[in-house]
Amino acid sequence: MEVTDLIPQRFPLQLLDRIIAVQPGVSATAEKLVTINEWFFQSPTLTGRTMIRPVLLEILAQTGVVALLSMPEHHGNNVFFGGIRQADFKTDVRPGDRLEAMVTLTKLRRQIGTGHGVITCAGREVVSADLTFVMQA
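Residues numbered from 1 in each chain as written. Predicted model: local features only at pLDDT ≥ 70, side-chain atom pairs only at ≥ 80, totals over all residues. Heavy atoms only, no water.

Trainee: Just to check I follow, could you spell out the pattern of salt bridges for this structure?
Mentor: Proximity of charged atoms lets side chains of opposite charge pair with each other. Counted according to the given criterion, the structure contains 7 salt bridges. One salt bridge in this structure joins E31 and R18, with 3.1 Å as the shortest N-O distance. Remark: R18 occurs in strand β1 (residues 18–23) and E31 occurs in strand β2 (residues 27–33); sequence separation between them is 13 residues. The class for R18 is partly exposed, based on a relative accessible area of 41%. R98 is paired through a salt bridge with E100; the nearest N and O atoms lie 3.5 Å apart. For R98, a relative accessible area of 36% translates into the label partly exposed. One salt-bridge network, held together by shared partners, links R18, E31, R98 and E100. (Salt bridge = Lys/Arg side-chain N within 4 Å of Asp/Glu carboxyl O. Helix = DSSP H or I, 4+ residues; strand = E, 2+ residues; numbered from the N terminus. Buried < 20%, exposed > 50% of the residue type's maximum accessible area, 1.4 Å probe, protein only.)

Next up, the structure:
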């Protein structure tokens, strides 16, 4: 299953490289290989070569959208990132890191869903967050 089959984002905003596993309406796991050529490393105002944290949250959001849009009744709908209830950042991400993002949907009612996401790198947790999604037919 290709990432572009499920989420509407395209380069440069598509942040997922590969879908590892998906259980429609339950969970999704995706991979991101971080390279020095990423658009968010190109800013002359950034002093370090660490991934900015909002991008990590967008990776989780896109992974959650995969879990939602893989459901046959929601395929083709629009899904919006509704918000972040809580996010806990543990370490920085640098070029060369391989990220694995997993989002488990915790509640799904009509057009609103919530989920818990975790990104790991080499077995260590990078970020965990509780997310809200809003679907539009």
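Trainee: Looking at this model, I keep getting lost on the nonpolar core. Mind explaining?
Mentor: Across soluble globular proteins, you tend to see nonpolar side chains buried next to one another. Counting 37 residues, the largest nonpolar core has M51, L56, I59, L60, L99, I119 and F133 as its most contacted members. Of all the secondary structure elements, the ones that give two or more residues to this core are β2, α1 (53–69), β4 (98–109), β5 (112–121) and β6 (124–136). With 11 residues, α1 is the single largest residue contributor to this core. When neighbours within four sequence positions are excluded, L99 is seen to be in contact with A30, E31, K32, V34, M51, L56, I59, V93, I119, T120 and C121. (Core = buried A, V, L, I, M, F, W, Y, C linked by side-chain atoms within 4.5 Å. Contact = heavy atoms within 4.5 Å.)

Trainee: Sorry if this is basic, but what is going on with α1 here?
Mentor: Because an α-helix completes one turn every 3.6 residues, residues spaced three or four positions apart along the sequence face the same direction. Counted at 1.5 Å a residue, the expected span for α1 with its 17 residues is 24 Å, and the 25 Å between its end C-alpha atoms agrees. The element α1 is largely enclosed, with a buried count of 14 among its 17 residues. (Expected span 1.5 Å × (residues − 1).)

Trainee: Before we go on, may I ask you to explain a nonpolar patch on the surface in this structure?
Mentor: Together, F80, I112 and V134 make up an exposed nonpolar region whose accessible area comes to about 250 Å². By the element assignment, V134 lies in strand β6. (Patch = residues over 30% accessible without salt bridge, like charges linked within 9 Å, V, L, I, M, F, W, Y side chains within 5 Å. Areas by Shrake-Rupley, 256 points an atom, 1.4 Å probe, with all protein chains shown as cover.)

Trainee: Can you help me understand the sheet that holds β1 in this one?
Mentor: The pairing of strands in a sheet comes from backbone hydrogen bonds and takes either a parallel or an antiparallel form. In space, the 6 strands of this open sheet follow the order β1-β2-β4-β5-β6-β3, with antiparallel pairing throughout. Lying at the two open borders of the sheet, with one neighbouring strand each, are β1 and β3 (78–89). When the angles between neighbouring strand axes are averaged without regard to direction, this sheet yields 20 degrees. Examined bridge by bridge, β2 and β4 share 7 bridges and lie antiparallel to one another. Bridging from a neighbouring strand, A28 pairs with V103 of β4. Set on the sheet, α1 makes contact with β1, β2, β3, β4, β5 and β6; between it and β4 the angle comes to about 55 degrees. (Pairing = 2+ DSSP bridges. Axes fitted to C-alpha atoms, helices over the stretch in contact; angles between N-to-C directions.)

Trainee: Even after reading the chapter, I still don't get the pairing of β1, so can you show me in this structure?
Mentor: Along a regular strand, successive side chains alternate from one face of the sheet to the other. The pairing of β1 with β2 spans 5 bridges and is classified as antiparallel. What sits directly across from I19, in β2, is A30. In this antiparallel pair of consecutive strands, β1 and β2, the connection spans 3 residues, and G25 shows a positive phi of 75 degrees.

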